[in-house]
Number of protein chains: 2
Amino acid sequence: MSRKGLLFVISAPSGAGKTTLCKAIIDILPNLRHSVSHTTRAPRAGELDGRDYHFVSDAEFDAMVAENAFVEWAVVHGNRYGTALASLEELRGAGCDVLLDIDCQGAAQLRERCSDGIFIFVLPPSFQELERRLKGRQTDAADVIEQRLRNARSEMGQMFWYDYLVINDDFDLARQQLQAIIMAAACRTEVLKEQVQDLFGEISN
Amino acid sequence: MSRKGLLFVISAPSGAGKTTLCKAIIDILPNLRHSVSHTTRAPRAGELDGRDYHFVSDAEFDAMVAENAFVEWAVVHGNRYGTALASLEELRGAGCDVLLDIDCQGAAQLRERCSDGIFIFVLPPSFQELERRLKGRQTDAADVIEQRLRNARSEMGQMFWYDYLVINDDFDLARQQLQAIIMAAACRTEVLKEQVQDLFGEISN
């Protein structure tokens, strides 16, 4: 019964609702975990090392990059963030499924080394709706929104290499679809093969 | 939004609970239909031509076999039963997903011509439990049960070429898993690609 955990990689343009979806799905599925990233950014109030992030120095991050320890990493606002292969393998080795919420560039990098990952792209129902959602937040200036929309168009050009698409129009439906993708992946024959062989022993044809 | 319907093919050894599972899932999913088979057997009381079966003569069945009209057919208790490609294509063309409940031999035949089908094998949690269920029915003689158990072992030797395995231990969980497999299949990128291109037009990369 102790199969290796599965790896789910989710990307989406800003405003598609990925963060809320991921949070909802992690709350529902007890065997699904977020992987903990490494970052050179300083901890914020309330953040715990090893829970929210692995906080490391620039030199430590450099060393990990040199060792090829990251399956993907990126610079965001001058700080570096990375997903260590060891972090994923530790969780998966313990039988936990892992949910990784990263941008398209990171997902494409990761696919090179984790080809057994299941890649899911969340998209808004339309560009109009995406614009409406981004403007509705009322936190960003018009030029920032314009930039986000340009980025969204560019990220959406990547979606066709993902395994699954989830159109986040009705939130409950999108959550059910994401849950179905995760549940179905665990029923794939190659995932269950060992368990079934344990249950039934040698099966004669 | 009018994508071609998907084709789900389900097999299981006798006693695994396939019929109850299929009935439950058809009741839940309005877009999922049973395909209507052709048979040379005479209609029973209450059976309607075109709803329960397409009732045909031996000569008509022969002609359809000669025309290669069946994706699979078999003889059961002296009567012939077959699934016509045209029956599947008609439903799928109308956007309905089709659930086909056939034995391993039929499924293997069908795979030759419907390679885009999603193949699901339902299995009992153990041979002991299968034996218990078959004996619990109290409808079959001991030698019939022995034969069914031998057939089950033989059919289970086929399961590893199926795409998905559903272990029917807890019925509700098995139903959820079957539902998840069907729902996830509709989220596959190749299935949604056309719909997404309609929604977003040309997406620049």
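Located above this text is the structure these notes cover.
Attention here is on the structure that accompanies the text. Along each chain, residue indices are assigned from 1 in the same order as the chain's sequence is written. For this description, chains carry letters from A and ligands carry numbers from 1, given in the order in which they are written. In view of the model being predicted, local features appear only for residues whose pLDDT reaches at least 70, and side-chain atom pairs are presented and counted only at 80 or more, with totals across whole chains, interfaces and linings using the full set of residues. With hydrogens and water stripped out, all remaining heavy atoms of the structure feed into the side-chain values.

Observations regarding unusual backbone geometry
Residues and elements named next belong to chain B.
- Even without a glycine there, the phi angle at Asn68 is positive, about 60°.
- To qualify as a helix, a DSSP run of H or I must reach at least 4 residues; to qualify as a strand, a run of E must reach at least 2; elements of each kind are numbered from the N terminus. With respect to the helices, strands and loops of the structure, Asn68 is situated in the loop between α2 (58-66) and β5 (70-76).
- By relative accessible area, Asn68 is classed as partly exposed at 46%. Accessible area is worked out with a 1.4 Å probe on protein chains only. A residue is then buried under 20% of its type maximum, exposed over 50%, and partly exposed in between.

A closer look at the side chain of A:Glu155
- Structurally, the position occupied by A:Glu155 is in helix α6 (residues 142-156).
- As used throughout, the charge tally considers Lys and Arg to be positive and Asp and Glu to be negative, leaving His and the chain termini uncounted. By salt bridge we mean one thing: a side-chain nitrogen of Lys or Arg within 4 Å of a carboxyl oxygen of Asp or Glu. Buried and without a salt bridge, A:Glu155 has A:Lys18 as its closest oppositely charged side chain, separated by 6.6 Å.

Thoughts on the relation of the copies chain B and chain A
- Residues below a pLDDT of 70 in either copy are left out; the C-alpha atoms of the rest, at least 70 in both, set the least-squares superposition of the copies. Take chain B, turn it by 180°, move it 0.0 Å along the axis, and it overlays chain A with an RMSD of 0.0 Å. Viewed as a symmetry operation, the transformation between the two copies matches a two-fold axis. Taking C-alpha positions as reference, the residue of chain B nearest the rotation axis is B:Ala180, located at 2.1 Å.
- Of the interface residues in chain B, 100% have counterparts in chain A that sit at the interface too, so the contact is made through matching surfaces. Residues count as neighbours in contact if any of their non-hydrogen atoms are within 4.5 Å of one another.

Describing helix α7 (residues 171-185) of chain B
- Taking 1.5 Å of rise per residue, the 15 residues of α7(B) would be expected to cover 21 Å, and the 21 Å separating its terminal C-alpha atoms lies within 8% of that figure.
- As used in this structure description, the phrase polar contact means that two N or O atoms lie within 3.5 Å; if the pair is within protein, one of them must be able to donate a hydrogen and the other to accept it, and residues adjacent in sequence are counted only when both atoms belong to side chains. Two or three places before B:Asp172, at the opening of α7(B), B:Asp170 has a side-chain oxygen 2.9 Å from that residue's backbone nitrogen. Given a helix with a known number of residues, its expected span is that number minus one, times 1.5 Å.

With respect to the sheet that holds strand β6 (residues 79-84) of chain B
Residue and element names in this part refer to chain B.
- Reading across from one edge, β4-β3-β6-β5 is the order of the 4 strands in this open sheet, with mixed pairing throughout. Each edge of the open sheet is held by one strand with a lone partner, namely β4 (54-55) and β5.
- The pairing criterion for strands is at least two bridges between them, as found by DSSP. Relative to β6, strand β3 (residues 38-39) runs antiparallel, the two being bridged by 2 bridges. Opposite Thr39, over in β6, you have Tyr81 as the bridge partner.
- Note on geometry: axes are C-alpha line fits, over the in-contact stretch for helices, and angles between N-to-C directions span 0 to 180 degrees. Against the sheet, α2 makes contact with β3, β5 and β6, and its axis sits at roughly 45° relative to β6, the strand it touches most.

Examining the interface of chain B and chain A
- Each partner contributes residues to the interface: chain B has 37 residues there, and chain A has 37 residues.
- Our count for the contact surface shared by chain B and chain A stands at 0 salt bridges.
- Put simply, chain B and chain A have 10 residue pairs in polar contact (both at pLDDT 80 or more) between them.
- Elements with a minimum of two residues in the side of chain B that touches chain A: α6 (142-156), β9 (164-167), α7 and α8 (189-200) of chain B.
- Here the side of chain B that touches chain A gets 8 residues from one element, more than from any other, and that element is α8(B).
- Residue classes follow a fixed rule: Ala, Val, Leu, Ile, Met, Phe, Trp, Tyr, Cys and Pro count as nonpolar, while Asp, Glu, Lys and Arg count as charged, and any other residue, Gly among them, counts as polar. Residue classes in the side of chain B that touches chain A are distributed as 22 nonpolar, 11 polar and 4 charged.

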